[in-house]
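# Structure assessment
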Amino acid sequence: MNILILGASGFIASNFSNYLKKHSNFRVYNASRKISSINNFHYNLGDEPLYEIDFDYVFHFSYDFNFDNENNNVSKTVKTMSHFYKLGVKKQVFISSYSAHKYSQSLYGQNKYRIEKFIKSLNDNNSNIIIRPGLVVGDGGLYKKISKWVIKYKMLLLPYGRKKNIPFIFSDDLNYHM
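As a starting point, this report considers the structure included with it. (Residues numbered from 1 in each chain as written. Predicted model: local features only at pLDDT ≥ 70, side-chain atom pairs only at ≥ 80, totals over all residues. Heavy atoms only, no water.)

### Some thoughts on the environment of phenylalanine 84
Cut-off, in case you're wondering: Counting from the N terminus, the helices are the DSSP runs of H or I reaching at least four residues and the strands are the DSSP runs of E reaching at least two. Every residue pair with non-hydrogen atoms within 4.5 Å of one another is taken to be in contact.
Following the sequence through the fold, phenylalanine 84 ends up in helix 2 (residues 70-86). Between the C-alpha atoms of phenylalanine 84 and phenylalanine 55, which are 29 residues apart in sequence, the distance is 8.8 Å. Non-local contacts of phenylalanine 84, meaning those with residues more than four positions away in its chain, are made with Leu4, Leu6, Pro49, Tyr51, Phe55, Val58, His60, Val89 and Gln92.

Written as structure tokens, this is what we have:
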């Protein structure tokens, strides 16, 4: 089985790639705009896939924080997913966010929600999957940034005060369940 991971240089995606390579017999291909030793392909969000491999699964982890607007993230993710849909990829897995909902206050959450709406509009007999993890705990990503901040300032700011719990998942648990 051939698996493509888009946005593979990010914290969650690189952990997932390493997990699959270690715990499965899948052929795992990584694509990212950042050049690194783990990437098989250079990829920019919205690129038309030119790979000569038939992928069974495509995991969409990509999000460009440098151009955090609807035109760059929503339209380019939709374009990329549409390309793979036309190529007949069996399953596309979109990694969304716990913050993705209609009334999200962050642009990130709003954009992830717009992409989810597109995916749901396809009415595609379950060929697409949306995963909404909470805060992913591990040695990277937002959790690591928060940890460094807490150590430096000896203070933890809680979103929503004490009114809401912060959903979290350990990186290894997320990998296992994906």
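### Details of the side chain of serine 171
With respect to the helices, strands and loops of the structure, serine 171 is situated in helix 5 (residues 171-177). Those residues within four positions of serine 171 in sequence are excluded, and the remaining contacts are Phe11, Asn15, Val136 and Val137.

### Considerations on the pairing of strand 2 (residues 27-32)
Put simply, the test is: Exposure classes here rest on a 1.4 Å probe applied to the protein chains alone. A residue is buried below 20% of its type maximum, exposed above 50%, and partly exposed in between. Two strands are counted as paired when DSSP detects at least two bridges linking them.
Extensive coverage of strand 2 is indicated by the burial of five of its six residues. Across five bridges, the pairing between strand 1 (residues 2-6) and strand 2 is parallel. Each bridged residue has a counterpart across the sheet, and for asparagine 2 the counterpart in strand 2 is arginine 27. Here strand 2 runs beside strand 3 (residues 41-42); their pairing, made up of two bridges, is parallel. Paired with serine 32 across the bridge in strand 3 is histidine 42.

### Let's talk about the packing of aromatic side chains
Convention followed: A pair of aromatic rings is counted whenever rings of Phe, Tyr or Trp (Trp by its six-membered ring) have centres within 6.5 Å, and the orientation is called stacked for planes under 30 degrees apart, edge-to-face for over 60 and tilted otherwise.
Throughout the structure, instances matching the rule amount to nine aromatic pairs. Ring plane angle 20° and centroid distance 6.3 Å describe the contact between tyrosine 57 and phenylalanine 59, whose orientation is recorded as stacked. Ring plane angle 45° and centroid distance 5.0 Å describe the contact between tryptophan 149 and tyrosine 153, whose orientation is recorded as tilted. With tryptophan 149 and tyrosine 153 both in helix 4 (residues 141-153) and four residues apart, the pair spans about one turn of that helix. The partly exposed category is assigned to tryptophan 149, whose relative accessible area is 33%. Judged by relative accessible area, tyrosine 153 falls into the partly exposed class, the value being 43%. The structure contains a cluster of three or more aromatic residues connected by ring pairs, namely Phe16, Tyr57, Phe59 and Phe61.

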